[in-house]
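Fold and contact review
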Amino acid sequence: MKLVYRGSLRYLEQLPKGDLPENAVKINESLTTQQLKNTSYLYFIPPGIFIGLILLVGHLLHGDLRFGIDWLRGAIGLGIFAVAFFLHEFLHAICAPWRAEVGWYFIPVQWSLFIHTTAPMSKARFITMSLFPNILLGVVPLIVWVVFPFDPMVSTILLLAAGLMTMSGFSDYMNAAHAWRQMPSGSKHQLSGFNYYWFMP
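Note that the structure is predicted; figures quoted are calculated from it, not measured. (Residues numbered from 1 in each chain as written. Predicted model: local features only at pLDDT ≥ 70, side-chain atom pairs only at ≥ 80, totals over all residues. Heavy atoms only, no water.)

1. Here we look at the sheet that holds strand S2 (residues 25–26)
This is how it is decided: Here the rule is simple: two strands pair whenever DSSP picks up at least two bridges between them. Strands here mean DSSP runs of E at least two residues long; helices mean DSSP runs of H or I at least four residues long; both are numbered from the N terminus.
Read across the sheet, 4 strands follow the order S2-S7-S6-S5 without closing on themselves; strand pairing throughout is antiparallel. Since the sheet does not close on itself, it has two edges, and those belong to S2 and strand S5 (121–122), each with one partner.

2. Details of the pairing of strand S6 (residues 188–192)
As a reminder of what qualifies: Think of it in three bands: residues with accessible area under 20% of the maximum for their type are buried, residues over 50% are exposed, and the middle band is partly exposed, with areas taken using a 1.4 Å probe on protein chains only.
Burial runs high along S6: 4 of the 5 residues are buried. The pairing of S5 with S6 spans 2 bridges and is antiparallel. Directly across from Met-121, in S6, lies its bridge partner His-189. As judged from the 5 bridges shared by S6 and strand S7 (residues 195–199), these two strands associate in the antiparallel manner. Bridge pairing in S7 links His-189 to Trp-198. Linking S6 back to S7 in an antiparallel pair, the connection comprises 2 residues, with Gly-193 at a positive phi of about 65 degrees.

3. Concerning the side chain of Thr-117
The condition is simple: Polar contacts here mean pairs of N or O atoms no more than 3.5 Å apart (in protein, one a potential hydrogen donor and the other a potential acceptor; neighbouring residues in sequence count only if both atoms are side-chain atoms). Contacts are assigned to residue pairs that have any heavy atoms within 4.5 Å of one another.
Along the chain, Thr-117 falls in the loop between strand S4 (112–116) and S5. Within the structure, Thr-117 has its side chain in polar contact with the backbone oxygen of Glu-101 (distance 3.0 Å). In terms of polar contacts, Thr-117 uses its side chain to reach the backbone amide nitrogen of Ala-119, at 3.2 Å. In this structure, Thr-117 is in contact with Ala-100, Glu-101, Val-102, Met-129 and Leu-191, ignoring residues within four places of it in sequence.

4. Things to note about the packing of aromatic side chains
Selection rule: Whether two aromatic rings pair depends on their centres lying within 6.5 Å, for rings of Phe, Tyr and Trp, where Trp uses its six-membered ring; planes under 30 degrees apart make the pair stacked, over 60 edge-to-face, and the rest tilted. Think of it as a cone above the ring: NZ of Lys or CZ of Arg counts as a charge over the ring if it is within 6 Å of the ring centre and within 35 degrees of the ring normal.
This model, assessed by the stated rule, comprises 6 aromatic pairs. In textbook terms, an aromatic cluster arises when at least three aromatic residues are bridged by ring pairs, as seen for Tyr-5, Phe-90 and Trp-104. When the ring centre of Trp-180 is taken as origin, the NZ or CZ atom of Lys-123, which lies over that ring, is 5.4 Å away.

Here's what the structure looks like:
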């Protein structure tokens, strides 16, 4: 995997087009960027339910929720989340096919990073690529939080950073769900510009 910095992403037209085969089928998403954004908000619901269950299990296992917010804990938790938010995109990138060129962009409006590759990949790899950062940086730390007792300071920081990381992956959950539902078994996934396609090799 070759990671290439491509500067600031200000317009979707900057994203490179893939060399799509003739039988490529566009994955059915919302028609406009705003509709896509509105649809993606629905994917806040499953991680929100998961975090609620984590809190409930934590209470049942340990007798209390073992956290309390103050400015220091909040600042540290948010700081860790900010670092993880940038690391998130690089974890997407390492899931790309071995010989793929992956472009990464800085998005000034959102003060965030974005990775993009036009390399074809299997359905399973794309779903893994979509979910891996959220699982590693969000779900796994939440499971660690609920299993092991920590002092209130560490517990709050871990819960805050991991909870925010889990919730922030809503668009990744949406992409994985679209691929799971719409891509046939054995098909390949490919990005072209901002659009997602599948085809049978």
